[in-house]
Amino acid sequence: MELYLDTADVSAVKRLARVLPLHGVTTNPSIVAQAGKPIWEVLPALRDALGGTGKLFAQVMAGDAERMVADAVLLHQRVPGLIVKVPATAEGLAAIKKLKSMSIPTLGTAVYGAAQGLLSALAGAEYVAPYVNRVDAQGGDGIVMVRELQQLLTLHAPHAKVLAASFKTPRQALECMLAGCQSLTLPVGVAEQLLATPAVDAAVATFEQDWQNAFGTHLLG
(Lines give C-alpha, C1' and ligand atoms only; values in the text may rest on other atoms or scores of the structure.)
Protein backbone atom coordinates (compact mmCIF):
# COMPACT_ATOMS: atom_id res chain seq x y z
CA MET A 1 0.00 0.00 0.00
CA GLU A 2 1.40 3.38 -1.07
CA LEU A 3 0.13 6.52 0.64
CA TYR A 4 0.70 9.98 -0.82
CA LEU A 5 -0.25 13.53 0.04
CA ASP A 6 -1.87 15.60 -2.69
CA THR A 7 -0.44 19.04 -1.95
CA ALA A 8 2.31 21.58 -2.52
CA ASP A 9 2.20 22.76 1.11
CA VAL A 10 5.74 22.06 2.30
CA SER A 11 4.97 22.71 5.97
CA ALA A 12 2.02 20.29 5.87
CA VAL A 13 4.21 17.61 4.30
CA LYS A 14 6.83 18.05 7.02
CA ARG A 15 4.17 17.84 9.72
CA LEU A 16 2.40 14.78 8.37
CA ALA A 17 5.54 12.93 7.21
CA ARG A 18 6.52 12.68 10.89
CA VAL A 19 3.36 10.66 11.55
CA LEU A 20 2.21 8.98 8.35
CA PRO A 21 4.10 6.33 6.33
CA LEU A 22 4.19 8.52 3.24
CA HIS A 23 5.58 7.25 -0.04
CA GLY A 24 5.66 10.70 -1.57
CA VAL A 25 3.67 13.69 -2.79
CA THR A 26 1.45 14.26 -5.80
CA THR A 27 0.79 17.66 -7.33
CA ASN A 28 -1.17 19.11 -10.23
CA PRO A 29 -1.12 22.53 -11.92
CA SER A 30 -3.85 23.93 -9.64
CA ILE A 31 -2.05 22.77 -6.50
CA VAL A 32 1.26 24.24 -7.62
CA ALA A 33 -0.46 27.50 -8.58
CA GLN A 34 -1.91 27.75 -5.07
CA ALA A 35 1.60 27.51 -3.66
CA GLY A 36 2.47 30.70 -5.53
CA LYS A 37 6.02 29.57 -6.31
CA PRO A 38 7.70 28.20 -9.44
CA ILE A 39 7.43 24.45 -9.78
CA TRP A 40 11.24 24.19 -9.84
CA GLU A 41 11.25 25.56 -6.28
CA VAL A 42 8.22 23.61 -5.06
CA LEU A 43 9.31 20.12 -6.10
CA PRO A 44 12.77 20.14 -4.44
CA ALA A 45 11.23 21.65 -1.30
CA LEU A 46 8.64 18.86 -1.17
CA ARG A 47 11.36 16.22 -1.52
CA ASP A 48 13.32 17.86 1.29
CA ALA A 49 10.16 17.82 3.42
CA LEU A 50 9.97 14.07 2.84
CA GLY A 51 13.50 13.67 4.16
CA GLY A 52 15.16 13.61 0.76
CA THR A 53 13.39 10.47 -0.41
CA GLY A 54 9.97 9.54 -1.73
CA LYS A 55 8.23 9.76 -5.08
CA LEU A 56 7.14 13.06 -6.58
CA PHE A 57 4.46 13.52 -9.25
CA ALA A 58 4.03 16.60 -11.44
CA GLN A 59 1.85 17.20 -14.47
CA VAL A 60 2.52 18.32 -18.03
CA MET A 61 0.82 21.53 -19.14
CA ALA A 62 0.66 21.10 -22.93
CA GLY A 63 -2.46 19.90 -24.74
CA ASP A 64 -0.94 18.03 -27.68
CA ALA A 65 1.18 14.90 -27.57
CA GLU A 66 4.37 16.39 -28.96
CA ARG A 67 4.49 19.21 -26.44
CA MET A 68 3.37 16.91 -23.62
CA VAL A 69 6.42 14.78 -24.33
CA ALA A 70 8.63 17.88 -24.31
CA ASP A 71 7.16 18.94 -20.93
CA ALA A 72 7.70 15.45 -19.56
CA VAL A 73 11.31 15.31 -20.71
CA LEU A 74 11.99 18.67 -19.03
CA LEU A 75 10.38 17.55 -15.77
CA HIS A 76 12.24 14.24 -15.85
CA GLN A 77 15.59 15.93 -16.49
CA ARG A 78 15.25 18.62 -13.83
CA VAL A 79 13.71 16.46 -11.08
CA PRO A 80 15.36 13.02 -11.06
CA GLY A 81 12.99 10.17 -10.27
CA LEU A 82 9.87 12.25 -10.92
CA ILE A 83 6.78 10.47 -12.25
CA VAL A 84 5.10 12.55 -14.93
CA LYS A 85 1.32 12.99 -14.83
CA VAL A 86 -0.33 13.01 -18.25
CA PRO A 87 -4.09 13.53 -18.73
CA ALA A 88 -5.68 10.41 -20.20
CA THR A 89 -6.98 12.20 -23.30
CA ALA A 90 -6.39 10.93 -26.84
CA GLU A 91 -3.31 13.18 -27.10
CA GLY A 92 -2.27 12.12 -23.62
CA LEU A 93 -2.39 8.44 -24.57
CA ALA A 94 -0.13 9.14 -27.53
CA ALA A 95 2.27 10.96 -25.22
CA ILE A 96 2.25 8.13 -22.69
CA LYS A 97 3.12 5.64 -25.44
CA LYS A 98 6.05 7.78 -26.55
CA LEU A 99 7.28 8.36 -23.00
CA LYS A 100 7.13 4.62 -22.32
CA SER A 101 9.54 4.07 -25.22
CA MET A 102 11.82 6.70 -23.63
CA SER A 103 11.72 4.98 -20.21
CA ILE A 104 10.08 8.03 -18.57
CA PRO A 105 7.56 6.85 -15.96
CA THR A 106 4.04 8.23 -16.22
CA LEU A 107 0.71 8.40 -14.45
CA GLY A 108 -2.50 8.62 -16.45
CA THR A 109 -4.52 11.32 -14.70
CA ALA A 110 -7.95 12.95 -14.89
CA VAL A 111 -9.58 9.53 -15.20
CA TYR A 112 -13.38 9.59 -15.05
CA GLY A 113 -14.07 6.08 -16.32
CA ALA A 114 -12.65 2.58 -15.93
CA ALA A 115 -12.13 2.08 -19.67
CA GLN A 116 -10.29 5.40 -19.92
CA GLY A 117 -8.01 4.34 -17.08
CA LEU A 118 -7.32 0.96 -18.66
CA LEU A 119 -6.32 2.61 -21.94
CA SER A 120 -3.75 4.77 -20.15
CA ALA A 121 -2.29 1.68 -18.49
CA LEU A 122 -2.19 -0.21 -21.80
CA ALA A 123 -0.41 2.79 -23.33
CA GLY A 124 2.31 2.34 -20.72
CA ALA A 125 1.36 4.34 -17.63
CA GLU A 126 2.68 2.90 -14.38
CA TYR A 127 -0.08 4.55 -12.34
CA VAL A 128 -3.69 5.46 -13.13
CA ALA A 129 -5.46 8.17 -11.12
CA PRO A 130 -9.27 7.95 -11.00
CA TYR A 131 -11.01 11.09 -9.68
CA VAL A 132 -13.29 9.62 -7.04
CA ASN A 133 -15.11 12.66 -5.64
CA ARG A 134 -15.31 14.44 -9.00
CA VAL A 135 -17.11 11.42 -10.45
CA ASP A 136 -19.50 11.51 -7.50
CA ALA A 137 -20.07 15.25 -8.05
CA GLN A 138 -21.13 14.53 -11.64
CA GLY A 139 -23.76 12.06 -10.47
CA GLY A 140 -21.68 8.93 -10.94
CA ASP A 141 -20.29 6.48 -8.41
CA GLY A 142 -16.58 7.01 -7.91
CA ILE A 143 -16.07 3.92 -5.79
CA VAL A 144 -17.76 1.64 -8.33
CA MET A 145 -15.57 3.15 -11.04
CA VAL A 146 -12.46 2.45 -8.94
CA ARG A 147 -13.54 -1.16 -8.36
CA GLU A 148 -14.06 -1.67 -12.09
CA LEU A 149 -10.72 -0.06 -12.91
CA GLN A 150 -8.89 -2.16 -10.33
CA GLN A 151 -10.40 -5.32 -11.80
CA LEU A 152 -9.49 -4.29 -15.35
CA LEU A 153 -5.88 -3.55 -14.42
CA THR A 154 -5.58 -6.84 -12.55
CA LEU A 155 -6.83 -8.72 -15.60
CA HIS A 156 -5.23 -6.80 -18.44
CA ALA A 157 -2.48 -4.47 -17.20
CA PRO A 158 -1.00 -5.91 -13.99
CA HIS A 159 2.08 -3.70 -14.30
CA ALA A 160 -0.03 -0.62 -13.48
CA LYS A 161 -1.40 0.55 -10.15
CA VAL A 162 -4.53 2.48 -9.34
CA LEU A 163 -3.55 5.67 -7.53
CA ALA A 164 -6.95 6.87 -6.37
CA ALA A 165 -7.33 10.64 -6.09
CA SER A 166 -9.92 13.36 -5.47
CA PHE A 167 -11.28 12.72 -1.99
CA LYS A 168 -13.55 14.75 0.24
CA THR A 169 -13.97 12.27 3.09
CA PRO A 170 -11.90 9.58 4.79
CA ARG A 171 -14.68 7.10 4.01
CA GLN A 172 -14.06 7.48 0.29
CA ALA A 173 -10.41 6.66 0.83
CA LEU A 174 -11.29 3.63 2.96
CA GLU A 175 -13.68 2.33 0.29
CA CYS A 176 -10.89 2.57 -2.28
CA MET A 177 -8.56 0.57 -0.07
CA LEU A 178 -11.28 -2.05 0.43
CA ALA A 179 -11.66 -2.16 -3.36
CA GLY A 180 -8.04 -3.25 -3.61
CA CYS A 181 -6.32 0.03 -4.51
CA GLN A 182 -2.59 -0.30 -4.09
CA SER A 183 -2.04 3.43 -3.74
CA LEU A 184 -3.98 6.61 -3.04
CA THR A 185 -3.27 10.29 -2.55
CA LEU A 186 -5.00 12.36 0.09
CA PRO A 187 -5.57 16.09 0.38
CA VAL A 188 -4.11 17.43 3.61
CA GLY A 189 -7.54 17.99 5.11
CA VAL A 190 -8.65 14.40 4.54
CA ALA A 191 -5.35 13.07 5.92
CA GLU A 192 -5.86 15.17 9.04
CA GLN A 193 -9.41 13.84 9.39
CA LEU A 194 -8.04 10.30 9.33
CA LEU A 195 -5.75 11.20 12.22
CA ALA A 196 -8.46 12.97 14.24
CA THR A 197 -9.69 10.54 16.91
CA PRO A 198 -11.78 12.38 19.53
CA ALA A 199 -12.99 9.18 21.20
CA VAL A 200 -9.43 7.84 21.47
CA ASP A 201 -8.19 11.17 22.84
CA ALA A 202 -10.93 11.07 25.48
CA ALA A 203 -10.04 7.51 26.47
CA VAL A 204 -6.34 8.35 26.79
CA ALA A 205 -7.18 11.40 28.90
CA THR A 206 -9.20 9.17 31.24
CA PHE A 207 -6.33 6.68 31.54
CA GLU A 208 -3.92 9.49 32.41
CA GLN A 209 -6.26 11.02 34.97
CA ASP A 210 -6.92 7.69 36.69
CA TRP A 211 -3.17 7.00 36.87
CA GLN A 212 -2.49 10.51 38.19
CA ASN A 213 -5.15 10.11 40.86
CA ALA A 214 -3.72 6.78 42.00
CA PHE A 215 0.01 7.49 41.84
CA GLY A 216 0.41 11.26 41.67
CA THR A 217 2.41 11.17 38.48
CA HIS A 218 2.02 10.67 34.73
CA LEU A 219 5.24 8.62 34.57
CA LEU A 220 5.64 4.86 34.85
CA GLY A 221 8.79 5.21 36.92
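Above this text you will find the structure in question.
Note that this is a predicted model, so its numbers are computed, not measured. (Residues numbered from 1 in each chain as written. Predicted model: local features only at pLDDT ≥ 70, side-chain atom pairs only at ≥ 80, totals over all residues. Heavy atoms only, no water.)

Below, the discussion takes up the overall build of the chain. When helices and strands are counted, the chain shows 11 helices and 8 strands. Seen through its principal axes, the chain has C-alpha atoms that stretch 70 × 40 × 30 Å. For the chain, the proportion of its 221 residues judged to be buried stands at 46%. Counting only contacts in the chain whose residues sit at least 6 apart along the sequence, the fraction spanning at least 24 positions is 55%. Placing the 17 positive and 18 negative side-chain charges of the chain at their respective mean positions leaves the two points 6 Å apart. (Helix = DSSP H or I, 4+ residues; strand = E, 2+ residues; numbered from the N terminus. Buried < 20%, exposed > 50% of the residue type's maximum accessible area, 1.4 Å probe, protein only. Contact = heavy atoms within 4.5 Å. Lys, Arg positive; Asp, Glu negative; His and termini not counted. Charge placed at Lys NZ, Arg CZ, Asp CG, Glu CD.)

One non-glycine residue, Ser103, lies in the positive phi region at around 60°. Summarising the element assignment, Ser103 is placed in the loop between helix H5 (90-101) and strand S5 (106-111). Given the relative accessible area of 61%, Ser103 is considered exposed. Although it is not a glycine, Ala110 sits at a positive phi angle of roughly 60°. Its place among the elements puts Ala110 in strand S5.

Turning next to the pairing of strand S8 (residues 183-186). The side-chain alternation of S8 yields two buried faces, one formed by Ser183 and Thr185 and the other by Leu184 and Leu186. In this structure, strand S1 (residues 2-6) lies alongside S8, joined through 4 bridges in parallel fashion. Each residue of the ladder has a partner; that of Tyr4, found in S8, is Thr185. Pairing of strand S7 (residues 161-164) with S8, which is carried by 2 bridges, proceeds in the parallel orientation. Bridge pairing in S8 places Ala164 opposite Leu184. Note that the unit made of S7, helix H9 (residues 170-178) and S8 has a crossover that is right-handed. (Pairing = 2+ DSSP bridges. Right-handed = clockwise from strand over helix to strand, strands pointing away.)

The next subject is a nonpolar patch on the surface. On the surface, Met1, Leu174, Met177 and Leu178 cluster together to form a nonpolar patch covering roughly 390 Å² of accessible area. As for its placement among the helices and strands, Met1 is situated in the segment before S1. (Patch = residues over 30% accessible without salt bridge, like charges linked within 9 Å, V, L, I, M, F, W, Y side chains within 5 Å. Areas by Shrake-Rupley, 256 points an atom, 1.4 Å probe, with all protein chains shown as cover. Salt bridge = Lys/Arg side-chain N within 4 Å of Asp/Glu carboxyl O.)

Attention now goes to the nonpolar core. Generally speaking, soluble globular proteins have nonpolar side chains that are buried together. Residues Leu153 and Phe167 are the most contacted members of the largest nonpolar core, which totals 60 residues. Per-element tally for this core: the top contributor is helix H4 (residues 65-78), with 5 residues. In this structure Leu153 touches Leu118, Ala121, Val128, Pro158, Ala160, Lys161 and Val162, once residues within four positions along its chain are discounted. Tyr4, Ile83, Leu107 and Ala129 belong to the second largest nonpolar core, which has 7 residues in total. (Core = buried A, V, L, I, M, F, W, Y, C linked by side-chain atoms within 4.5 Å.)

Moving on: the layout of surface pockets. Taken as a whole, the largest pocket encloses approximately 490 Å³ of empty space. In terms of lining residues, the largest pocket is bounded by 25 residues, among which Asp6, Thr7, Asn28, Ile31 and Pro187 are the most central. Of all elements in the fold, only helix H2 (29-35), S5 and helix H7 (132-137) reach the threshold of two or more residues within the lining of the largest pocket. The element that contributes the greatest number of residues to the lining of the largest pocket is H2, accounting for 4 residues. When grouped by side-chain class, the residues that make up the lining of the largest pocket number 11 nonpolar, 9 polar and 5 charged. As a volume, the second largest pocket reaches approximately 200 Å³. In terms of lining residues, the second largest pocket is bounded by 13 residues, among which Ile39, Gln59, Val60, Met61 and Leu75 are the most central. Elements with a contribution of two residues or more to the lining of the second largest pocket: H2, helix H3 (39-49), strand S3 (55-59) and H4. It is H4 that provides the largest number of residues to the lining of the second largest pocket, a total of 3 residues. (1 Å grid on protein atoms, 1.4 Å probe; cavity = no way out; pocket = protein on both sides within 12 Å on 5 of 7 lines; lining within 4 Å. Points joined across faces, edges and corners; volume = space filled by probe spheres on them. Nonpolar A, V, L, I, M, F, W, Y, C, P; charged D, E, K, R; others polar.)

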